[in-house]
Amino acid sequence: MTKACVREKPAPIGSTYIFPIADYRYAIAENHILHLNQETVFRSPEKITFVGKDIGGNFWIATEGRGMYKTNLDPSVIRNYPSAYTGKVIVARSIAGQLYFGSTTSDIYRLKPTQTEKIMHCTANKFSMRFSPGQVIINNYGYLTALVYPFIYYDYLSPAQSGLQVFRHRQKIIGDFPYELIANTKTSFETDHSFYFFSVSNIIKINKEDFRSDRPLRTYFVRQDDNDESNRIYAKAIDSETQQVWFCDASGTYRLVDDTPGHISRFPPFRFQQFTALGPYMAGITDNSKLILCNIRDTSYPWDSSRNDQRLWKQVYPIDRQHALLASDREYWLLSLGSPGIAGQPRYTLQPIENAFLPQGAEYIAADTDNCYFFKEGTIIAIKTALLFDKTPPPRLHFITLNTRRHSYSLSRQIEVPYAESRNITIEFDRISYVGNDIFCEYSISQNGKEEWFPINSPEIVLSNPGFGAYTVKIRGRTLSSGYSKVAVLHFKVLKPYWATWWFLTLCALVFLALVWLAILLVSRIKIRRKQRQHDADMKYQQSEYKALNALMNPHFIFNSLNNIQGLINKDEKRTANEYLVIFSDLVRQNMHNVSKGLISLQQELNLVENYLTLEQLRFKELVSYAVEIGEEVDTEDIMIPPLMIQPLVENAVKHGLLPRQSAGGKIWIRVKENDDQLVIEIEDNGVGLNYKPAGNHQLYESFGLSNLQKRTEHLRKIQQHRITIEVKELGPEEGAARGSIAIITIDFRKHNRVAQ
């Protein structure tokens, strides 16, 4: 659809839409009818659901089931005259821009700009009579001839004379007159000098001079056959340029030459239902609904027939010498004639007319070069003849979505469909027509650029198991009279399945090679399993030894503590010994609880160390003091370490660092901090240092606790890949004497805690 920016929103009132057009002008949509103020401008076979106006002044009319129509609602282009007449129209002619028509109610009407005017009613013996088709003639000069048995009316219709309501002349039929034949007239023709009246099988001629004199009307039988049905006249026509009359019966086609029928032997042997002369051609519709064109100017009478056999042609209505309007069972067609071709062959084109404003099945149509009038059930629709020649714009088609069983893909990006979803792909598209009629669509699907078009009736394309690869889908459409629309293009890709990818094919090749080496792999596997069993046995041994070392730590600690209590008792410090026993009992409980676990929190280990140092302070008083410094970034509750990791080093610092000084001011500093991804624990003392040699054999390296700690860390590294390092070193000298020693425990913080988790 072209860009249609709706400028104003219609106001719905029930099932009626009112749309303002200009000052005091409104478009009113009510059910199937669209009004322009009080004037009906459009009748739809379906209910009108919406009326909108774009910035270009065009109206868009939406209907239920008939699509959308576009019009400018210009009264000078199309007008609607409801309830314009009674009966059925049997004759109509436009004379100098003025339309006259007669109906079966014996009424003659004139069409005015806004309404119709009944200008006369033919009566006989005070009884209204009814016109029959073919009994009324309105010629090009404004004369009207009407047969209303037993009268013949003949008068001049002058648009310039106002108030003319009846015929000025009425001729009584007298003498030997064929009343019955005249009453059964089917068709009437007028030439410059005569009238011809066709009944079932007879042709009667009356001279015009008899109407202009007082003498009785004289009749002449041009063809007299006593209404024999076997010689029935099927079609009649008059060539207005040559004043020749043509007719057709079961034996062939005839032309009147000097009022004598002459058989045209070379005329195609068709039984025509209707004739119409169009310039050099005669257009006829046969009894089997074929359209035949004959060249009546050429003595050889070449002819041609319409190749559209899917239509039932009903009537031919001339517009001018080169154009005619054809009514069929489905729609109207425009017949355009060209100059004769080789050997007088007719040249013509047939173009369907797609205009929603034209009523289908009109009872009569009158056309000239300016306007075309359609009569149906008392309503007249007048439309500019030029609109019939307008080229119908092609429809517009565009894709909406691509759907699989699992997903719906947007068309705003490159579409890649997994192979598993490609078994049933549905591509939806939309069709927009400017005339609201049927759209004939075609689609094409290609992978290599080769196009092959297929018709499609539904607004979706279904692909079943298309296979992997890149696809190009195209759709186009046309209406009955338009050309093809612009092609809409959709690109999408079905991804390769895993078994068609290069890596899968490579994997298959590798599997084939792997089968060759299967024997070697089996032998290698046996060897690996043997080594694995050996490794598992070694790990079990390491774990057993580690548990044994942990078990030894508890008796060692208790032994040292009992030695301390014994020392207090020996010194006769009973109160201190009692206090020592209370703290010692808590310490033993903590120690036994911690040693039974593989890992404990850093806080539990620090609590154990503080209890131990408290015991040592009770025993040695001012010789031992301590300080614990924990960094703010250290979460002692969440960090897990092996049990009795700090206490042996603290014990070693007390016994082999502070006590040998035998002087007040001995102190131990315990610092805990994080350094990047490592936990660092420092135990520093200001004792005698590592190189101090007492009289007895109590050197640091001979400490059972320290030796046990080093073995346990080695087993942890092998069993659980715990990366723990212990470094003990002496501090620098101060005035010729050592400043003490420091033990540093470094634990890989990230790896250690991941294992702990």
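What comes next is a walk through the structure.

Let's shift gears to the nonpolar core. Counting residues in each nonpolar core, the largest one holds 44 residues, and the members touching the most others are Leu602, Ile646, Val650, Ile668, Leu679, Ile683 and Ile745. Of all the secondary structure elements, the ones that give two or more residues to this core are helix H4 (518-570), helix H5 (574-595), helix H6 (602-620), helix H7 (647-658), strand S51 (667-675), strand S52 (678-685), helix H8 (704-720) and strand S56 (741-748). Sorting elements by how many residues they give to this core places H6 first, with 9 residues. Of all hydrophobic cores here, the second largest spans 22 residues; its members include Val417, Ile456, Leu463 and Phe492.

Quick look at the side chain of histidine 323 now. With respect to the helices and strands, histidine 323 occurs in strand S33 (residues 323-328). Contact partners of histidine 323, with chain neighbours within four places excluded, come to Leu278, Pro318, Leu334, Leu335, Ser336 and Phe389.

Another aspect to go through is the sheet that holds strand S13 (residues 116-121). Read from one edge of the open sheet, 4 strands run S10-S11-S12-S13, paired in antiparallel fashion. With partners counted over all chains shown, the strands left at the sheet margins are strand S10 (89-95) and S13, one partner each. Across the sheet, the mean angle separating the axes of adjacent strands is 25 degrees when strand polarity is ignored. Two elements, strand S12 (residues 107-111) and S13, share 5 bridges in a ladder whose sense is antiparallel. Bridge pairing in S13 places arginine 110 opposite glutamate 117.

Read from one edge to the other, the open sheet built from 4 strands follows the order S32-S33-S34-S35, with strand pairing classed as antiparallel. Each end of this open sheet is capped by a strand with a single partner; those strands are strand S32 (313-318) and strand S35 (348-353). Each strand axis lies, on average, 25 degrees off the axis of its neighbour in the sheet, ignoring direction. Taken together, the 6 bridges between strand S34 (residues 332-337) and S35 define a ladder with antiparallel strand orientation. Looking across to S35, one finds that leucine 337 is bridged to tyrosine 348.

Moving on, we come to the pattern of salt bridges. In total, this model carries 12 salt bridges according to the counting rule given. A salt bridge links glutamate 629 to arginine 671; the shortest N-O distance between them is 3.4 Å. Within this pair, whereas glutamate 629 is found in strand S49 (residues 625-630), its partner arginine 671 is found in strand S51, the two being separated by 42 residues in sequence. For arginine 671, a relative accessible area of 22% gives the class partly exposed. Within the structure, one salt-bridge network assembled from shared partners comprises Glu629, Arg671, Lys673, Glu682 and Glu684.

For the rest of this paragraph, the subject is H6. Along its 19 residues, H6 runs 27 Å from first to last C-alpha, staying within 8% of the 27 Å computed at 1.5 Å per residue. Positive backbone phi, at 55 degrees, marks lysine 621, one or two positions downstream of H6.

The subject of this paragraph is unusual backbone geometry. One non-glycine residue, glutamate 377, lies in the positive phi region at around 50 degrees. Among the structural elements, glutamate 377 can be located in the loop between strand S37 (371-376) and strand S38 (379-384). Judged by relative accessible area, which is 67%, glutamate 377 ranks as exposed. Unusually for a residue other than glycine, aspartate 676 sits at a positive phi of about 55 degrees. Along the chain, aspartate 676 falls in the loop between S51 and S52.

Moving on, we come to the pairing of strand S39 (residues 396-403). Bridge analysis of S39 against strand S42 (residues 424-432) gives 7 bridges, and the strand direction is antiparallel. Residue histidine 398 lies in a different strand from S42, and its bridge partner there is aspartate 430. Across 2 bridges, S39 lies against strand S40 (residues 408-409) in antiparallel orientation. When the bridges of S40 are listed, leucine 402 appears paired with tyrosine 409. Between the end of S39 and the start of S40, which pair antiparallel, lie 4 residues.

Further remarks concern the packing of H6 against H7. In contact at an axis separation of 10 Å, H6 and H7 are set at 20 degrees when each is read in the N-to-C sense. Considering their axes alone, H6 and H7 lie roughly parallel with respect to each other. By crossing handedness, the relation of H6 to H7 is classed as right-handed. Contacts between H6 and H7 involve Glu605, Val609, Tyr612, Leu613 and Glu616 on the former and, on the latter, Gln647, Val650, Glu651 and Val654.

Under the definition given, this model contains 18 aromatic pairs. An aromatic cluster of at least three residues, connected via ring pairs, comprises Tyr85, Phe101, Tyr109, Tyr317, Tyr364 and Phe375. The cationic tip of arginine 476 hangs over the ring face of tryptophan 453; the distance from NZ or CZ to the ring centre is 4.1 Å.

We now examine the pairing of S12. Note on strand geometry: in a regular strand, side chains alternate between the two faces of the sheet. By the criterion of burial, S12 is predominantly enclosed, with 5 of the 5 residues buried. Of the two faces of S12, both are covered, the one formed by Asp107, Tyr109 and Leu111 as well as the one formed by Ile108 and Arg110. Sheet topology note: the strand S11 (residues 98-103)/S12 ladder contains 3 bridges and is antiparallel. Note that in S12 the partner of tyrosine 100 across the bridge is arginine 110. Hairpin connection between S11 and S12: a loop of 3 residues separates the two successive antiparallel strands, and serine 106 in this loop has a positive phi of roughly 65 degrees. With antiparallel pairing between neighbouring strands as the criterion, S12 and S13 make up a hairpin whose turn holds 4 residues.

Helix length check: H7 (12 residues) gives 15 Å between terminal C-alpha atoms against 16 Å at 1.5 Å per residue, within 8%. Restricting attention to buried positions, one finds in H7 the residues Gln647, Pro648, Leu649, Val650, Glu651, Asn652, Ala653, Val654, Gly657 and Leu658.

What counts, and where the lines are drawn
Residues numbered from 1 in each chain as written. Predicted model: local features only at pLDDT ≥ 70, side-chain atom pairs only at ≥ 80, totals over all residues. Heavy atoms only, no water. Core = buried A, V, L, I, M, F, W, Y, C linked by side-chain atoms within 4.5 Å. Buried < 20%, exposed > 50% of the residue type's maximum accessible area, 1.4 Å probe, protein only. Helix = DSSP H or I, 4+ residues; strand = E, 2+ residues; numbered from the N terminus. Contact = heavy atoms within 4.5 Å. Pairing = 2+ DSSP bridges. Axes fitted to C-alpha atoms, helices over the stretch in contact; angles between N-to-C directions. Salt bridge = Lys/Arg side-chain N within 4 Å of Asp/Glu carboxyl O. Expected span 1.5 Å × (residues − 1). Parallel < 35°, antiparallel > 145°, perpendicular 65-115°, else oblique. Left-handed = near helix turned anticlockwise from the far one by under 90°. Phe/Tyr/Trp six-rings, centres within 6.5 Å; stacked < 30°, edge-to-face > 60°. Lys NZ or Arg CZ within 6 Å of the ring centre and 35° of its normal.

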